[in-house]
Amino acid sequence: MMLPKKGDPVVVQNITGRYGRIHTRMMLDYGTNVAAGAAPGKGGQAVEGVPVYNTMAEAVGKTGAKASVVFVPAEFTYSAAQDAITAGIKLLVVITERIPIRDELKMLELARRNGASIIGPNCPGLIVPSQRVKLGIMPVSAFAPGNVALFSRSGTLMYEIADQITRAGFGQSVALGIGGDPINGTTAGECLDFVEGMPETEAVVVVGEIGGDAEERLARHVSKAGHTKPVVAYIAGRHAPKEKKMGHAGAIIYGNFGTAESKISALKAAGVLVAMTPSEVPSLVSRALGRR
Amino acid sequence: MAMRLFEYQAKEIFRAYAIPTPKSILAHDAGGVAEAFKGLRHPVVLKAQVLAGGRGKAGGVVSVSDEAAAMKEASRVFGLSIGGEKPASILVEESYPHEAELYLSVSLDRGERSYVTIATAAGGIDVESMSGKVIRKMPLEGIDEKYAMAVAAELELAEPKASRFASILLKLEKLSREKECELAEINPLAVGRDGELVALDAKVTVDDNALFRHPEFAKLHPEDEFEGEASREGFAFVRLNGDIAVVGNGAGLVLSTLDLVGDAGGKAACFLDLGGGAQQDRIEAALKLANRLPECKRILVNIYGGITRSTEVAQGMLATLASGPVKPIYARVSGADEEAAKEMLKGAKVQLYRTAPEAVEAVVKGR
């Protein structure tokens, strides 16, 4: 995965839709170079001054973009991703929620074969405050340049915790939404590997939640990989009922699989500092940075 | 909204894919059970149709061999509450004498980001604790006979069982792929005296995000009044059994608010996620829904504004308050225009707090 830098051209897929339009404006305002939009049948129009093309092949051909932000409805996301990847996009940030699992798996397979990365789906995207670049929908007021990398399965919880980290005087080297679905294009473990090679990152905060075994896998990865950057985690859902999807398709406990307790104890055993509430995160970040 | 099917629905799908199941009849009352009993070979098994787990332990599965017992047991089973769920129907099924039990499922392995086959030569019990489990990833486009026979070989099944097993695995995978299931499970898969394999139980969970491609599942589940309304409004909603309605924007934020409530000794009446944009009319619809929950005594609102304007949230609250009596609202609303929102709510019957923990403490104490 390559993080976008200031000035890198970005394409917004389904730029003419309601969310595509709103967030194109907000991405431009922050500083992202939204160089083109794609929307089948809408070629020739302009949205917020950004030219719209019918296909990703045209949009990429005109701009040389390597990254796209996907606001395409769930039913059509797979074909939009296919359009993007075959056009040469290497970083797909998929905001769309409610994509069928099999479409997500197909998307991932296609990305893997073509050396592309997928962020999400069902995520707020990513932001690099030092570059004033965001590919996503997060409110920029919560973020400031800094040395904490923030990875989150949840959107609003990412904003909430970013805000608290920022208010505590730290900031984010990168913040990235892993996504609320059972299948994630980029996992927390992959994010950790990525920031290991990112000198401006000095600590990592991972925001997890009930469902699946992503945090248990992360804990095993932390133990095995021998990374140098301290990790702080917060896991939502200690009081959630079993067998119920809690808003996110991925946030569901089956039997004893996917409980917050299991995740917290696995992370603690791997030496991760675990916050019990979002407001505890900044003090643990401070402790983690002090430990180095 | 988790789309788990009832056993009888899952077995209908199994039959459509030619996976062998025992003969059975669905009954909706004790009389229906007696009627079904007459039409089947005895003994039969009465099986409560509930989605909750642990129905066997709860007395929801019972074998009977005469009509009087069938009537009596049917009345008892209809009176059960299994994990809070009352059976609306009983599946009356011919009992199938067998020598051994296998376990077979096709499911999504989230961590591996792949579908997998899980099989063991000892079914019928808790699969999580089973040893000698065969776990094998499957390609998205499906499996072939070679794959299926390799799983049978790993289970050390002899012919003709191996071929029969492979055939069932092929059908189960096809079913899982075509119906877009998160889980398709046979537990137990019984081995009859003649080496026949029969699915005694069936557990199918479908991907609810794929329902737009599967109109056949559209009307499978009766929703309660509140769940129906929430889903029409596009809210993520889970009814819980406490007295504090928890409303917020974003699944993770609401989940973390539930934890704060629980830690403070409170009990949530519901989880209600408004979703991303929290405009005035959405706030109003959510508050009105929460307010109508009979068990709700107080409403906790936790909004991280961000892009949403706090004044919109305040307007939604004011509109709700103007519409009739509303249970006490405790709110934390942060984000753009926070101060203006506070000004608007001055004098209104809403307690505003600076942070989520403060709002939670107040709502739990009921001050």
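Residues numbered from 1 in each chain as written. Chains lettered and ligands numbered in written order. Predicted model: local features only at pLDDT ≥ 70, side-chain atom pairs only at ≥ 80, totals over all residues.

**Considerations on the overall build of chain B**
Link 1 in the chain: Scanning chain B for helices and strands turns up 11 helices and 17 strands.
Link 2 in the chain: On the principal axes, the C-alpha backbone points of chain B span a range of 80 × 50 × 35 Å.
Link 3 in the chain: Considering chain B as a whole, with its 367 residues, one finds that 44% of them fall into the buried category.
Link 4 in the chain: Taking the intrachain contacts of chain B between residues at least 6 apart in sequence as the baseline, contacts between residues at least 24 apart amount to 67%. (Helix = DSSP H or I, 4+ residues; strand = E, 2+ residues; numbered from the N terminus. Buried ≥ 20, exposed ≤ 12 C-beta atoms within 10 Å, placed from the backbone. Contact = placed C-beta atoms within 7 Å.)

**Some points on the sheet that holds strand 3 (residues 46–47) of chain A**
All names here are of chain A.
Link 1 in the chain: In space, the 7 strands of this open sheet follow the order 3-4-2-1-5-6-7, with mixed pairing throughout. A single partner strand is all that each edge strand has here, and the edge strands are strand 3 and strand 7 (117–119).
Link 2 in the chain: As paired strands, strand 3 and strand 4 (residues 50–53) are joined by 2 bridges and run antiparallel to one another. Across the sheet, Ala-46 pairs through a bridge with Pro-51, a residue of strand 4.
Link 3 in the chain: Helix-sheet contacts for helix 1 (residues 18–30) involve strand 1 (9–13), strand 2 (33–38), strand 3 and strand 4, and the interaxial angle to strand 2 is about 165 degrees. (Pairing = 2+ DSSP bridges. Axes fitted to C-alpha atoms, helices over the stretch in contact; angles between N-to-C directions.)

**Things to note about the domain arrangement of chain A**
How large an interface is tends to be reported as the accessible area lost when its parts come together.
Residues and elements named next belong to chain A.
Link 1 in the chain: Partitioning chain A into domains gives domain 1 (9–119) and domain 2 (138–291).
Link 2 in the chain: Distance between the C-alpha centres of domain 1 and domain 2: 26 Å.
Link 3 in the chain: With 9 residues of domain 1 in contact, the opposing surface of domain 2 contributes 8 residues.
Link 4 in the chain: Counting only elements with at least two residues in the side of domain 1 that touches domain 2, the list comes to helix 4 (101–113) and strand 7.
Link 5 in the chain: Looking at which element gives the most residues to the side of domain 1 that touches domain 2, the answer is helix 4, with 4 residues.
Link 6 in the chain: Grouping the constituent residues of the side of domain 1 that touches domain 2 by class yields 7 nonpolar, 1 polar and 1 charged. (Domains from an automatic or database assignment. Nonpolar A, V, L, I, M, F, W, Y, C, P; charged D, E, K, R; others polar.)

**Digging into helix 2 (residues 56–63) of chain A**
All names here are of chain A.
Link 1 in the chain: Taken residue by residue, helix 2 has Met-56, Ala-59 and Val-60 as its buried positions. Each buried residue of helix 2 sits inside an arc of 95 degrees when the element is viewed along its axis, so together they form one side.
Link 2 in the chain: Its buried side turned inward, helix 2 meets strand 1, strand 2, strand 4 and helix 3 (74–86). (Arc of directions from axis to C-beta.)

**Describing the nonpolar core**
Link 1 in the chain: Counting 151 residues, the largest nonpolar core has Leu-92 and Val-232 of chain A together with Val-246, Leu-272 and Leu-300 of chain B as the members making the most contacts within it.
Link 2 in the chain: It is helix 7 (residues 251–263) of chain B that contributes the most residues to this core, 7 residues altogether.
Link 3 in the chain: When sequence neighbours within four positions are dropped, the list of residues in contact with Leu-272 of chain B reads Ala-230, Phe-235, Phe-237, Ala-245, Val-246, Val-247, Val-254, Ala-286 and Ala-290 of chain B.
Link 4 in the chain: Among the nonpolar cores identified, the runner-up in size contains 41 residues, and Leu-5, Ile-19, Phe-165 and Ala-199 of chain B belong to it. (Core = buried A, V, L, I, M, F, W, Y, C linked by C-beta atoms within 7 Å.)

**Quick look at helix 1 (residues 7–16) of chain B**
All names here are of chain B.
Link 1 in the chain: Buried within helix 1 are the following residues: Glu-7, Ala-10, Lys-11, Ile-13 and Phe-14. When helix 1 is viewed along its axis, its buried side chains cluster within an angular range of 155 degrees and face the same direction.
Link 2 in the chain: On the buried face of helix 1, the contacting elements are strand 2 (24–27), strand 3 (44–48), strand 5 (90–94), helix 5 (161–178), strand 10 (197–199) and strand 11 (203–206).
Link 3 in the chain: Looking one or two residues beyond helix 1, the residue adopting positive phi is Ala-18, at roughly 60 degrees.

**What to know about the pairing of strand 13 (residues 231–236) of chain A**
Residues and elements named next belong to chain A.
Link 1 in the chain: Within strand 13, 6 of the 6 residues are buried, leaving the element largely enclosed by the surrounding structure.
Link 2 in the chain: Side-chain alternation along strand 13 places Val-231, Ala-233 and Ile-235 on one buried face and Val-232, Tyr-234 and Ala-236 on a second face that is also buried.
Link 3 in the chain: One crossover worth recording links strand 12 (residues 203–209) to the parallel strand 13 by way of helix 7 (residues 214–225), and it is right-handed.
Link 4 in the chain: Here strand 13 pairs with strand 14 (residues 273–275) via 3 bridges, running parallel. Looking at strand 14, one finds that Val-232 is bridged to Leu-273. (Right-handed = clockwise from strand over helix to strand, strands pointing away.)

**As for the interface of chain B and chain A**
Link 1 in the chain: With 37 residues of chain B in contact, the opposing surface of chain A contributes 48 residues.
Link 2 in the chain: Elements represented by at least two residues in the side of chain B that touches chain A include exactly strand 12 (236–239), helix 7 and strand 14 (268–273) of chain B.
Link 3 in the chain: Top element by residues in the side of chain B that touches chain A is helix 7 of chain B. It accounts for 10 residues.
Link 4 in the chain: Grouping the amino acids of the side of chain B that touches chain A by side-chain chemistry returns 19 nonpolar, 10 polar and 8 charged.

**Quick look at the sheet that holds strand 14 of chain B**
All names here are of chain B.
Link 1 in the chain: Spatial strand order, 12-14-13-15-16-17: 6 strands in an open sheet with mixed pairing. The sheet is open, and its two borders are formed by strand 12 and strand 17 (350–353), each paired with just one other strand. Each strand axis lies, on average, 15 degrees off the axis of its neighbour in the sheet, ignoring direction.
Link 2 in the chain: Pairing of strand 15 (residues 298–304) with strand 16 (residues 329–334), which is carried by 6 bridges, proceeds in the parallel orientation. Of the residues in strand 16, the one forming a bridge with Leu-300 is Tyr-330.
Link 3 in the chain: With respect to the sheet, helix 8 (residues 280–292) is in contact with strand 13 (244–248), strand 14 and strand 15, its orientation differing from that of strand 13 by roughly 165 degrees.

**Overview of the environment of Val-206 of chain B**
Residue and element names in this part refer to chain B.
Link 1 in the chain: By secondary structure assignment, the location of Val-206 is in strand 11.
Link 2 in the chain: In this structure Val-206 comes out as buried when scored by C-beta crowding, with 25 C-beta atoms within 10 Å.
Link 3 in the chain: Remark: the alpha-carbon pair of Val-206 and Gly-347, spanning 141 residues in sequence, is separated by 49 Å.
Link 4 in the chain: When residues no more than four places from it in sequence are discounted, the contact partners of Val-206 are Met-3, Leu-5, Lys-179, Glu-180, Cys-181, Glu-182 and Phe-217.

**A look at the domain arrangement of chain B**
Link 1 in the chain: With domains assigned, chain B is organised as domain 1 (23–94), domain 2 (98–217) and domain 3 (225–365).
Link 2 in the chain: Summarising the inter-unit geometry, the C-alpha centres of domain 1 of chain B and domain 2 of chain B are found 26 Å apart.

**Focus on the packing of helix 6 (residues 188–196) of chain A against helix 7 of chain A**
Residue and element names in this part refer to chain A.
Link 1 in the chain: One way to put it is that helix 6 packs onto helix 7 with a least axis distance of 8 Å and a crossing angle of 35 degrees. Contact residues: Ala-188, Gly-189, Leu-192 and Asp-193 in helix 6; Ala-214, Arg-217, Leu-218, His-221 and Ala-225 in helix 7.
Link 2 in the chain: Looking at the contact of helix 6 with helix 7 residue by residue, the classes come out as 5 nonpolar, 2 polar and 2 charged.

**Notes on unusual backbone geometry**
Link 1 in the chain: Residue Pro-160 of chain B follows Glu-159 of chain B across a cis peptide bond; omega there is 5 degrees.
Link 2 in the chain: Residue position: Pro-160 of chain B is located in the loop between helix 4 (145–154) and helix 5.
Link 3 in the chain: Residues Asn-187 of chain B and Pro-188 of chain B are joined by a peptide bond in cis, for which omega reads 10 degrees.
Link 4 in the chain: Position of Pro-188 of chain B relative to the elements: it lies in strand 9 (residues 181–192).
Link 5 in the chain: Unlike most non-glycine residues, Glu-243 of chain A shows phi in positive territory, near 60 degrees.
Link 6 in the chain: Its location among the elements puts Glu-243 of chain A in the loop between strand 13 and helix 8 (260–269).
Link 7 in the chain: On the basis of neighbour counts, which here come to 14 C-beta atoms within 10 Å, the residue Glu-243 of chain A falls in the partly exposed class.

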